[in-house]
Structure formats: structure tokens, C-alpha cells
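Observations on chain architecture
One letter stands for each residue in the lines below.
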Amino acid sequence: MQSIYQRIEELIKERGMTKKAFCEQLGISTGNFGDWKRGKTTPGTNKLIEIASFFDASLDWIMLGRDVQGEVLKESKDPYFFDAYGQLNCQGEQLSETEKDFIIEYIEFTRFRKEKKQEDSTTE
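Conventions used here
Residues numbered from 1 in each chain as written. Predicted model: local features only at pLDDT ≥ 70, side-chain atom pairs only at ≥ 80, totals over all residues. Heavy atoms only, no water. Axes fitted to C-alpha atoms, helices over the stretch in contact; angles between N-to-C directions. Helix = DSSP H or I, 4+ residues; strand = E, 2+ residues; numbered from the N terminus. Parallel < 35°, antiparallel > 145°, perpendicular 65-115°, else oblique. Contact = heavy atoms within 4.5 Å. Nonpolar A, V, L, I, M, F, W, Y, C, P; charged D, E, K, R; others polar. Phe/Tyr/Trp six-rings, centres within 6.5 Å; stacked < 30°, edge-to-face > 60°. Lys NZ or Arg CZ within 6 Å of the ring centre and 35° of its normal. Core = buried A, V, L, I, M, F, W, Y, C linked by side-chain atoms within 4.5 Å. Buried < 20%, exposed > 50% of the residue type's maximum accessible area, 1.4 Å probe, protein only. Left-handed = near helix turned anticlockwise from the far one by under 90°. Patch = residues over 30% accessible without salt bridge, like charges linked within 9 Å, V, L, I, M, F, W, Y side chains within 5 Å. Areas by Shrake-Rupley, 256 points an atom, 1.4 Å probe, with all protein chains shown as cover. Salt bridge = Lys/Arg side-chain N within 4 Å of Asp/Glu carboxyl O. Arc of directions from axis to C-beta.

Regarding the packing of helix α1 (residues 4-15) against helix α3 (residues 30-38)
Contact geometry of α1 with α3 gives a least axis separation of 8 Å together with a crossing angle of 120 degrees. By the angle class used here, α1 and α3 are oblique. On the side of α1, the interface is formed by Tyr5, Ile8 and Ile12, while α3 contributes Phe33, Trp36 and Lys37. Counted by class, the contact of α1 with α3 contains five nonpolar, no polar and one charged residues.

If you want it as C-alpha cells, here you go:
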């Protein structure tokens, strides 16, 4: 059975990255990474979540080596809290269409900035 480190190492290889580049992008010291390899320590919960997100992998697979059974739920890019379910009950009055559009635009802009930041860090 593979260790957590071996599964992370497999993801790094699949991505075509070096271990050093992986550590730099996720803010992991090479010393900590070496401790994972030797089995001295394992990544903390927050770091495991960050690694899973970075590689678009499931925590089940990274931690236990098993694939998720059944359907995998992914968040829709639709503005679900406005359309499908109605407005979240976070204030007394309904948002105007302009306010809803602003929120949707802000979410899209935030996604764009995140993707741009990732692209910039891979070209350095």
C-alpha cells in the first residue's frame, strides 16, 4: 500500500513538476517534504486540503489510496443561490438585479485573478 507521500509524489510526477517546484508553489519547506518521505511526519489537514485542491484530487485518494465511490459532487458555476434556491437568507430585503449581477461579476473576477496568479507562478 502506498503512503500519503507516495501518492503526493505520484501526483507531482503526473503534473510533470519537480518536487522543488511543488514545494515552492504550495509553501512547503523541503525539510518538511523530506520528513513526509521518511515517514517522520505527515501533512496537516489544511495542507492536505490545499494539495488535493492543487491537483484536483480527492482527499480519500490522497489519504487512503481509494477512489471516491458513487457520484462526486462538484460545485456548479451557476449562480445557484439566486436562481435555483432563491436568495440566501442573510438580510431582510431582496437583492436587486444590479446587486446580484455585481456579486456574480465579483465571483468571476476572483476566479480570473486566481487562475492568472497560478499561470504567472508557473511561468516564473
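Quick look at the packing of aromatic side chains
A complete count under the given rule lists six aromatic pairs for this structure. Grouping aromatic residues by their ring pairs yields a cluster made of Tyr5, Phe22, Phe33, Trp36, Phe54 and Phe55. Residue placement shows arginine 15 over the ring face of phenylalanine 54; its charged tip is 4.7 Å from the ring centre.

Remarks on the nonpolar core
The nonpolar side chains of soluble globular proteins are, as a tendency, buried together. If you look at the biggest cluster of nonpolar residues, it comprises 18 residues, and the most contacted ones within it are Ile8, Phe22, Ile28, Phe33, Ile51 and Ile62. For this core, the elements supplying multiple residues, two or more each, are α1, α2 (19-26), α3, α4 (45-55) and α5 (59-64). Discounting residues that sit within four places of it in the chain, phenylalanine 33 has contacts with Tyr5, Ile8, Ile12, Lys19, Phe22, Cys23 and Ile28.

Quick notes on the packing of α1 against α4
The relative placement of two packed helices is expressed as an angle between their axes plus a distance between the axes. Contact geometry for α1 and α4: axes closest at 11 Å, N-to-C directions at 30 degrees. As the angle between them shows, α1 and α4 are arranged roughly parallel. Judged by the twist between their axes, the crossing of α1 over α4 is left-handed. Side by side, α1 and α4 meet where Ile4, Ile8, Leu11, Ile12 and Arg15 of the first sit next to Leu48, Ile51, Phe54 and Phe55 of the second.

Quick notes on the environment of isoleucine 4
Within the fold, isoleucine 4 resides in helix α1. The buried category is assigned to isoleucine 4, whose relative accessible area is 18%. As for isoleucine 4 and lysine 37, which are separated by 33 residues in sequence, their C-alpha atoms are 8.8 Å apart.

What to know about a nonpolar patch on the surface
A cluster of nonpolar side chains, namely Ile49, Leu59, Met63 and Leu64, defines an oily patch on the protein surface of about 320 Å² accessible area. Sort the elements by how many residues they give to the nonpolar patch and α5 lands first, with three residues. The topology assignment puts leucine 64 in helix α5.

Regarding α4
Listing the buried residues of α4 in full gives Lys47, Leu48, Ile51, Ala52 and Phe55. The buried residues of α4 occupy one face: seen down the axis, they fall within an arc of 140 degrees. Structural note: α4 exposes Thr45, Asn46 and Ser53 on the side pointing more than 90 degrees away from its buried face. If you follow the buried residues of α4, they end up packed against α1, α2, α3 and α5. Aspartate 56 lies just past α4 and shows a positive phi near 55 degrees.

Interpretation in functional terms is not warranted from these geometric data alone.
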